[in-house]
Amino acid sequence: MTALFVDALNAQNPIFDTDSYKYSHASQYPAGTEYVSSYIEPRRGWDGIDQVVFFGLQIELAKLADIRITQAMVDEAAPFLKAHGLDLYLPGWQQIVDAHKGRLPVLIEALPEGTIAPVSIPQMRIQNTDPACYWLPSFLETRLLRAVWYPSTVASLSRYVMGEIRKRLTITDGSDAGAEFKLHDFGARGASSGESAAIGGLAHLVNSMGTDTAMALVYARNFYGAEMAGFSIPATEHSTMTALGEEGELAQMRALLDNNPTGLVACVSDSYDMMRAVNDYWGDALRDEVLARDGVLVVRPDSGDPIQIVPDVIEALMAKFGYSTTAQGYRLLNDKVRVIQGDGVNRFSIVEIMEVMMKRGLAIGNIAFGMGAGLLQKVDRDCFSYSMKASALFRNGDWHDVYKDPITASGAKTSKRGRQGVMRTDSGAFVARRLENIPKGAEALQAVFRDGELLNIQTFPEIRARVWPNHFA
């Protein structure tokens, strides 16, 4: 990262990547503390979603494996933090530099990525491996919690919506074939950063194969070994459809078809008059060309109330291009034409649109959805009340429980006690247990990082198979 001023700091110095108050914590632990065990969990459900997809930790582990704390980093951070009002714990950081050659002496254990578990089940556990670095697990909370809550929340949201689509697609069309292209990621421009778009977009691809977030595909290959995790198609935007003015819109539509004689192509059609575009342009002037193509035209409404616009547009297209009736009794557009809705789309409106379509006898196979900020940006840590808490300290030769139970929270923020583990019951359900109470070989949390090295690297196909068995080849 290029700095604009002299005396710039190293923005990649890992010592700076924490909450400021954590610099003061090394001296706050009881005398004799040698090890700290902490865990991450989603504490509660989110508006009807109480199953959480664990995903994204491996991206952060790859970054942690690259970290080498140097003397220069320590020497840079200490005076800067002093000016900030805090003292860097020099003995601990010097131990990392001298004894560990800059690698982070921690053990991280986690559920396999793609695991679906109820809320209140720990997804990750961390403990220091060097007793001189007892303060390190909590120091890493900032980046570890950030690395887990965001992609897991997006993946869980996306899975929920995909489940709603698959359920209704089966009802109206007889199967959920093709569902993996029914929810498309339009969220890159609405994300808080390029990296947020990449990570969130990748989390969506756990459930789908439709995306316009190209960086998500880069992360899929770089961190999970996916050759190509998602796909897109040629599509217009308003800047291209209005380039010749209102009188030239039809010409732009014709050029789109001429330039793309085969395959799927999408066209935003509301630049001036949506129903004119459907009835006069696509359904009349260009009808023969649309029907003659070796491919599918996807018409995109982009304004108005989607609850009304979507079924109106589908029915108008049916009047021009015809339709068939599924074995389940729902009308399905001519195979040459489909619709995608990308405006006003969130997990609630998608269900409302589909319900209205079904009431009007329209198959879900007619529609795909493009989800933007509602997918990648309108989420936060509080959606599932994600938290990382210390639950046990080893001091003076014994493990001691650590927990909080604030009376004012009425149990909502009570944390777990003791070293936390996870196991499956005989019925297959995940349950949280104290580590010492889990039978040997039954622990679900697996070692994924130890002392600067990645362990048990997982691939994208493996993760998809856990989330959607038998749905991704």
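Placed above this text is the structure.
As the structure is a prediction and not an experimental result, all values here were calculated from the model.

Thresholds applied
Residues numbered from 1 in each chain as written. Predicted model: local features only at pLDDT ≥ 70, side-chain atom pairs only at ≥ 80, totals over all residues. Heavy atoms only, no water. Helix = DSSP H or I, 4+ residues; strand = E, 2+ residues; numbered from the N terminus. Buried < 20%, exposed > 50% of the residue type's maximum accessible area, 1.4 Å probe, protein only. Contact = heavy atoms within 4.5 Å. Areas by Shrake-Rupley, 256 points an atom, 1.4 Å probe, with all protein chains shown as cover. Lys, Arg positive; Asp, Glu negative; His and termini not counted. Charge placed at Lys NZ, Arg CZ, Asp CG, Glu CD. Pairing = 2+ DSSP bridges. Axes fitted to C-alpha atoms, helices over the stretch in contact; angles between N-to-C directions. Core = buried A, V, L, I, M, F, W, Y, C linked by side-chain atoms within 4.5 Å. Expected span 1.5 Å × (residues − 1). Parallel < 35°, antiparallel > 145°, perpendicular 65-115°, else oblique. Left-handed = near helix turned anticlockwise from the far one by under 90°. Nonpolar A, V, L, I, M, F, W, Y, C, P; charged D, E, K, R; others polar.

Peer 1: Just to check I follow, could you spell out the overall build of the protein chain for this structure?
Peer 2: Tallying secondary structure elements over the protein chain gives 15 helices and 19 strands in all. Dimensions of the protein chain, computed from the C-alpha atoms along their principal axes, are close to 80 × 60 × 40 Å. Counting only residues that meet the buried cut, the protein chain has 52% of its 473 residues in that class. Nonlocal contacts in the protein chain, meaning residues at least 24 apart in sequence, comprise 76% of its contacts between residues at least 6 apart. As presented, the protein chain carries roughly 20,500 Å² of accessible surface, and 51% of it is formed by carbon and sulfur atoms. Side-chain charges of the protein chain comprise 46 positive and 56 negative groups, with the mean position of each set lying 6 Å from the other.

Peer 1: When you look at the sheet that holds strand S15 (residues 398-401) in this model, what are you seeing that I'm missing?
Peer 2: Adjacent strands of a sheet pair through backbone hydrogen bonds, lying either parallel or antiparallel. If you trace the 7 strands from one edge of the open sheet to the other, you get S15-S14-S1-S5-S3-S18-S19, paired in antiparallel fashion. Whereas interior strands pair on both sides, the edge strands pair on one side only; in this sheet they are S15 and strand S19 (453-454). Relative to S15, strand S14 (residues 386-395) runs antiparallel, the two being bridged by 4 bridges. Residue Phe394 lies in a different strand from S15, and its bridge partner there is Trp399. Helix H1 (residues 57-66) contacts strand S3 (106-110), strand S5 (124-128), strand S18 (446-450) and S19 of the sheet and is inclined by roughly 30° relative to S18. Contacts between helix H5 (residues 141-173) and the sheet are confined to strand S1 (33-42), S3, S5 and S14, with S14 contributing the most and set at about 140° to the helix.

Peer 1: When you look at the pairing of strand S17 (residues 430-434) in this model, what are you seeing that I'm missing?
Peer 2: Regular strands have side chains that alternate between both faces of the sheet. Inspection of the sheet shows strand S16 (residues 420-424) paired to S17 by 5 bridges, in the antiparallel sense. When the sheet's bridge partners are listed, Gln420 is paired in S17 with Arg434. Where S16 folds back onto S17 in an antiparallel hairpin, the turn is made up of 5 residues, including Gly428, whose phi is positive at roughly 95°.

Peer 1: Would you take a moment to explain the sheet that holds strand S13 (residues 367-371) for this structure?
Peer 2: Ordered in space as S7-S6-S13-S12-S9-S8, the 6 strands form an open sheet in which the pairing is parallel. Edge strands, defined here as strands with exactly one partner in the open sheet, are strand S7 (210-211) and strand S8 (262-268). Strand direction decides the pairing type here: strand S6 (residues 183-185) and S13, joined by 3 bridges, are parallel. The partner of Asp185 across the bridge, within S13, is Met371.

Peer 1: Is there a simple way to think about the nonpolar core in this case?
Peer 2: The tendency in soluble globular proteins is for nonpolar side chains to be buried side by side. Among the nonpolar cores identified, the biggest contains 132 residues, and Ile15, Leu57, Ile69, Ile108, Trp135, Leu144 and Trp282 are the most heavily contacted of them. Per-element tally for this core: the top contributor is H5, with 12 residues. Setting aside chain neighbours within four positions, we find Leu57 in contact with Ile108, Ala110, Glu113, Met124, Leu144, Ala147, Val148, Tyr224 and Val448. Ala266, Val298, Ile340 and Ala368 belong to the second-largest nonpolar core, a separate cluster that totals 5 residues.

Peer 1: Where do I start with H5 in this structure?
Peer 2: In an α-helix, one turn spans 3.6 residues, which is why side chains three or four residues apart end up on the same side. Counted at 1.5 Å a residue, the expected span for H5 with its 33 residues is 48 Å, and the 47 Å between its end C-alpha atoms agrees. Taking burial as the measure, the 33 residues of H5 include 25 buried ones, the bulk of the element. The positive-phi residue at the C-terminal boundary of H5 is Gly174, with phi of around 95°.

Peer 1: What is the right way to read the pairing of S18 from this model?
Peer 2: Sheet topology note: the S3/S18 ladder contains 4 bridges and is antiparallel. Following the sheet pairing, Ile108 is matched in S18 by Phe449. Hairpin connection from S18 to S19: 2 residues lie between these consecutive antiparallel strands, with Asp451 at a positive phi of about 50°.

Peer 1: What is the right way to read unusual backbone geometry from this model?
Peer 2: Phi is mostly negative for residues that are not glycine, and the peptide bonds are mostly trans. Not every positive phi belongs to a glycine, and Asp7 is a case in point at roughly 60°. Note on placement: Asp7 falls in the segment before S1. Backbone geometry places Ser410, a non-glycine residue, at a positive phi of 55°. Here Ser410 is to be found in the loop between S15 and S16.

Peer 1: What is the right way to read the packing of helix H12 (residues 306-321) against helix H13 (residues 347-359) from this model?
Peer 2: For any two helices packed against each other, the geometry comes down to the angle between their axes and how far apart the axes lie. As a packed pair, H12 and H13 sit with axes 9 Å apart at the nearest point and diverge in direction by 45°. With respect to H13, the axis of H12 lies oblique. As H12 packs across H13, the resulting crossing turns out to be right-handed. In this structure, H12 uses Pro306, Ile307, Val310, Pro311 and Ile314 to contact H13, whose residues at the interface are Ser349, Glu352, Ile353, Val356 and Met357. A per-class count over the contact of H12 with H13 returns 8 nonpolar, 1 polar and 1 charged.

Peer 1: I'm lost on the environment of Val402 in this one. Help?
Peer 2: Mapped onto the elements, Val402 comes out in the loop between S15 and S16. A sequence separation of 15 residues divides Val402 from Arg417, and the C-alpha atoms of the two residues are 5.7 Å apart. Ignoring sequence-local partners within four residues, the contact set of Val402 consists of Ala390, Ser391, Ala392, Leu393, Lys416, Arg417 and Gly418.

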